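Given next are the chains, with one letter for each unit.
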Amino acid sequence: MFAYCADPSTLSGLTWLSCYLTTGKHMAFYGSFGTVMLLLAVTAPAALFLGFGGAIAARSQIAPLRGLGKGYTSMVRGIPDIAFFLFVPIALDQGLEYLRHHWKCPDWTQAVRQGNDFVVCAEAKLPLSTSPQWVHETYGFTLAVIAFAVVFGAFAANVLYGAMTAVPRAQIETAEAYGMTRRQAFWRILVPQMWVYALPGLSNLWQILVKATPLLFLLGIEDIVYWARELGGVQSARFSDYPHGDWRLWYFLGLLVFYLALTSVSERIFARLMRRLSHGQATMAGEAQRKAPAT
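From a predicted model like this one, the values you see are computed outputs, not experimental measurements.

### Some points on the overall build of the chain
- A tally of helices and strands in the chain yields ten helices and two strands.
- Along the chain, helices (α) and strands (β) appear in the sequence α-α-α-α-β-β-α-α-α-α-α-α when read from the amino end.
- A globule of 295 residues ought to have a C-alpha radius of gyration of about 19 Å, yet the chain, at 25 Å, is considerably larger.
- By principal-axis analysis of the C-alpha atoms, the chain measures approximately 80 × 70 × 30 Å.
- A sequence separation of at least 24 residues applies to 66% of the contacts in the chain between residues at least 6 apart.
- When the accessible surface of the chain is split by element, carbon and sulfur atoms take 64% of a total near 17800 Å².

Listed below in structure tokens is the structure:
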């Protein structure tokens, strides 16, 4: 905040606006954009890892493992996303606290489930009530990442499973004819070639993940939607040094621009990646590159 912002009641015009946009709450609002980007940066590889594991499990010759892989993708894809986003953090939180409760407080005589309440001893709470605020925020963010990864990992598993199936069987047969084992053929032939088939679906999944980030607001995390609503709402002179009317339209318009810009950049990155992966592949994009005139 600037030095001339000491008495907001004496300010007007651009001076008032410069002070208003540099308050502590606005700094938290600007920082929440980093929270969204961090969520995407952590969730995307985690979901891809779960999806790859789910796709491998669904292709396994071991029946229980194959059933687990197909059950994971079918169950998560068949349940509304918002239900999973609300269920996973609560289930993980209570499950961890329940285990800690029996470990930390073995002499506890009361029931953990008391009607609609879930009651554990103070030592079993996660995080502890004495923990600093950043620990509470990190814990909530971690639960949110796990929820997002589980949900989008199931969709990624379905995409990768289809991509593995799309690789021509003749490629695998040729590898086996040259003496490769099933494992060698999988890692050296199937996996490198499947990405060109998986990328269109993964790019769509990424865009859906980007659009799903406002669900952080429902998980109690102070994300950009939370701050846009808080800062854009009517601020009266009684409760705020910078009173104003309903400005939510402008705040959410800023979020619209942010998401459109992020989507546009993502599309360009995926387009370049698709051109690179298609090089030398026996696909429509690869054939178009081969027939294109030299430049």
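### Regarding unusual backbone geometry
- Omega for the bond connecting Leu 126 with Pro 127 falls within 30 degrees of zero, at -15°, which places this linkage in the cis form.
- Looking at the secondary structure, you find Pro 127 in the loop between strand S2 (117-118) and helix H5 (133-166).

### Regarding helix H3 (residues 63-78)
- Helix length check: H3 (16 residues) gives 22 Å between terminal C-alpha atoms against 22 Å at 1.5 Å per residue, within 8%.
- Where H3 is buried, its residues touch helix H2 (24-59), helix H4 (81-104) and H5.

### Structural notes on the state of the cysteines
- One pass over the full model with this rule turns up two disulfides.
- Through a disulfide, Cys 5 is tied to Cys 19; the S-S separation comes to 1.9 Å. Handedness of the Cys 5-Cys 19 disulfide follows from its S-S torsion of about -85°: it is left-handed. On the criterion of sequence distance, the pair formed by Cys 5 in the segment before helix H1 (13-20) and Cys 19 in helix H1 is long-range, its members being 14 residues apart. Like Cys 19, Cys 5 is buried.
- With a sulfur-sulfur separation of 1.9 Å, Cys 105 is cross-linked through a disulfide to Cys 121.

### Here we look at the environment of Trp 134
- Locating Trp 134 in the fold gives a position in helix H5.
- You can call Trp 134 exposed: its relative accessible area is 59%.
- Along the primary structure Trp 134 and Leu 14 are separated by 120 residues, whereas in three dimensions their C-alpha atoms are 34 Å apart.

### Some thoughts on a nonpolar patch on the surface
- Among the surface-exposed residues, Leu 249, Trp 250, Leu 253, Leu 256, Val 257 and Leu 260 lie close enough to one another that they form a single nonpolar patch of about 650 Å² accessible area.
- Examined against the element boundaries, Leu 256 turns out to sit in helix H9 (residues 248-278).

### Some details on the packing of aromatic side chains
- Taken as a whole, this structure holds 16 aromatic pairs when the rule is applied.
- When the ring of Phe 29 is compared with that of Phe 33, the centres are 5.2 Å apart and the planes differ by 65°; the resulting orientation is edge-to-face. One end of the pair is Phe 29 and the other is Phe 33, both in helix H2 and four residues apart, which spans about a single turn.
- By relative accessible area, which is 7% here, Phe 29 ends up buried.
- Considering the side-chain rings of Phe 148 and Phe 152, the 6.2 Å spacing of their centres and the 10° angle between planes classify their relative orientation as stacked. Of this pair, Phe 148 and Phe 152 both sit in helix H5, four residues apart, which is roughly one turn of that helix.
- Since its relative accessible area comes to 2%, Phe 152 is described here as buried.
- Through successive ring pairs, a cluster of aromatic residues spans Phe 29, Tyr 30, Phe 33, Tyr 251, Phe 258 and Tyr 259.

Calculation rules
- Residues numbered from 1 in each chain as written.
- Predicted model: local features only at pLDDT ≥ 70, side-chain atom pairs only at ≥ 80, totals over all residues.
- Heavy atoms only, no water.
- Helix = DSSP H or I, 4+ residues; strand = E, 2+ residues; numbered from the N terminus.
- Rg over C-alpha atoms; globule rule 2.2 N^0.38 Å.
- Contact = heavy atoms within 4.5 Å.
- Areas by Shrake-Rupley, 256 points an atom, 1.4 Å probe, with all protein chains shown as cover.
- Expected span 1.5 Å × (residues − 1).
- Disulfide = S-S within 2.5 Å.
- Buried < 20%, exposed > 50% of the residue type's maximum accessible area, 1.4 Å probe, protein only.
- Patch = residues over 30% accessible without salt bridge, like charges linked within 9 Å, V, L, I, M, F, W, Y side chains within 5 Å.
- Salt bridge = Lys/Arg side-chain N within 4 Å of Asp/Glu carboxyl O.
- Phe/Tyr/Trp six-rings, centres within 6.5 Å; stacked < 30°, edge-to-face > 60°.

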